[in-house]
Amino acid sequence: MAVPSNNREWRDFCDFDPTPDDKRPSLTLDEIQGLSDSEREAYNNRRIAYIYEERTFPTRDLVTIEKTARRLLRAAQSPSSVARRGMSVSGPVRTGKSTAVMNAGKRLDTRLRIANNRVGDPSYVPVVYISITPATTPNKLWAVFAEFIGVRQLRGRNSDGRMFDLIALLRDLGVRFVIIDDVQRLNTDRVAGAEVADSVKTFAEFLDATMIYAGVSLKSAPLFTGEAGKQWRARTVPIDMHPFTRRTDDAVREWRELIASFERYLPLPLHIPGSLVDEFDYLFNRTGGSIASLHDLICDTAAEAIDSGEEKVTVDLLETIAVDAYAKDQNGSDSA
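The numbering scheme is per chain: residues are counted from 1 as the chain's sequence reads. For a predicted model such as this one, the threshold for reporting local features is a pLDDT of at least 70, and the threshold for listing and counting side-chain atom pairs is 80 or more; totals across whole chains, interfaces and linings nevertheless cover every residue. By convention in this description, side-chain values take in all heavy atoms of the structure and omit both hydrogens and water.

K.L.:
So what's going on with the pairing of strand β1 (residues 86-91)? Residues and values would help.
P.N.:
Where burial is concerned, most of β1 is hidden: six out of the six residues are buried. On β1, burial covers both faces: G86, S88 and S90 on one face and M87, V89 and G91 on the other are all buried. Two strands pair when backbone bridges link them, and β1 and strand β5 (residues 236-240) are joined in this way by five bridges, in the parallel orientation. Residue pairing in the sheet places S90 in a bridge with D240 of β5. Pairs of strands are assigned from DSSP output, requiring at least two bridges between the strands. Secondary structure elements are taken from DSSP: a helix is a run of H or I of four residues or more, a strand is a run of E of two residues or more, and numbering for both begins at the N terminus. Here five bridges tie β1 to strand β4 (residues 210-216), and the two strands are oriented parallel to one another. Only protein chains enter the accessibility calculation, which uses a 1.4 Å probe. A residue is then buried if its area is under 20% of the maximum for its type, exposed if over 50%, and partly exposed in between.

So this is what it looks like as structure tokens:
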């Protein structure tokens, strides 16, 4: 499933649920070997699709983000004549920021639809999700918003006019939360970036929606630094996401629990449950504590276990799978 770029794709994301346990692929090795070639190929393809299904796990960071989102939702029920307090989610690459804010947005979307008795109503858009593109200008930003809600062209002689037309459209659709991802791409040191930052501030004030920002290392991102960034920092609850570590017993426990969560969804008849948890040090050294890198390594190895007929994930098989550049650069170090 691609990152949503319009409301239809956002609805697909919100409506998606992973395969329930009672429908997971669960044939024994003898049953797999008893299939015809075409049946085995179809079953293996089904298993690999199951392995790569998008799932979220209640990590400490994810729980914090969801609790903060719920508090912001409660605050949003009361009228406000100034820009509402929002949330900024920051961290290094491969720590799951986009997944976290999208998951929070999905839950907010569901709660607002239920609360307003508009479940399944396509004319109601309580949450908007967009991503900042490189070299964004105010007009390009408004165009991205317009694309999300299915409007080809905004009215207005200039950027401000188009912004206010967009605000009117979003209000009519019932927008209460706006998620802006990849905020680190917004360079306020450049004229265009500074104009976008000012426009987003005005946009948030007049729309009367709660803003959620996400990006890489936002503490050092131009939008949140310097004198101009003081106002942005004052208007958001900052949440910093970090790679997992092994620095304390609790940190090790959290890392092992995460591995167990991934291991639970391996439809491999010969895999020994808990065998990957026992290799938590090895997996940390391969991934640098990155949840995204761990996901990719385990899923890629599980797919290889199916293709090769090994039907279990072992260290020897893990060794044959390449990891991403971020994980390689970490070289097993415990990040802050």
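K.L.:
For the packing of helix α3 (residues 37-51) against helix α12 (residues 291-308), give the residues involved together with the corresponding values.
P.N.:
Only the stretch in contact is used when fitting a helix axis, every axis being a line fitted to C-alpha atoms; angles between N-to-C directions are given from 0 to 180 degrees. Between α3 and α12, whose axes approach to 10 Å, the crossing angle comes to 170 degrees. Classified by the interaxial angle, the pair formed by α3 and α12 is roughly antiparallel. Only C299, A302, A303, I306 and D307 of α12 make contact with α3, whose side of the interface consists of N44, R47, I48 and I51. Under the scheme applied, nonpolar residues are Ala, Val, Leu, Ile, Met, Phe, Trp, Tyr, Cys and Pro; charged residues are Asp, Glu, Lys and Arg; polar residues are all the others, including Gly. Residue classes in the contact of α3 with α12 are distributed as six nonpolar, one polar and two charged. The labels follow the angle: roughly parallel below 35 degrees, roughly antiparallel above 145, roughly perpendicular from 65 to 115, and oblique for the rest. Contacts are residue-level and defined by heavy atoms, with any inter-residue pair within 4.5 Å sufficient.

K.L.:
Can you break down the nonpolar core residue by residue, with the values?
P.N.:
In plain words, nonpolar cores are sets of buried Ala, Val, Leu, Ile, Met, Phe, Trp, Tyr and Cys residues tied together by side-chain atoms within 4.5 Å. Of all hydrophobic cores here, the largest spans 60 residues; its most connected members are F145, V178, I180 and F203. In contact with V178, not counting residues within four places along its chain, are V128, F145, F203, L207, A209, T210, M211 and I212. Counting residues in hydrophobic clusters, the runner-up holds 33 residues, among them F280, L297, C299 and V313.

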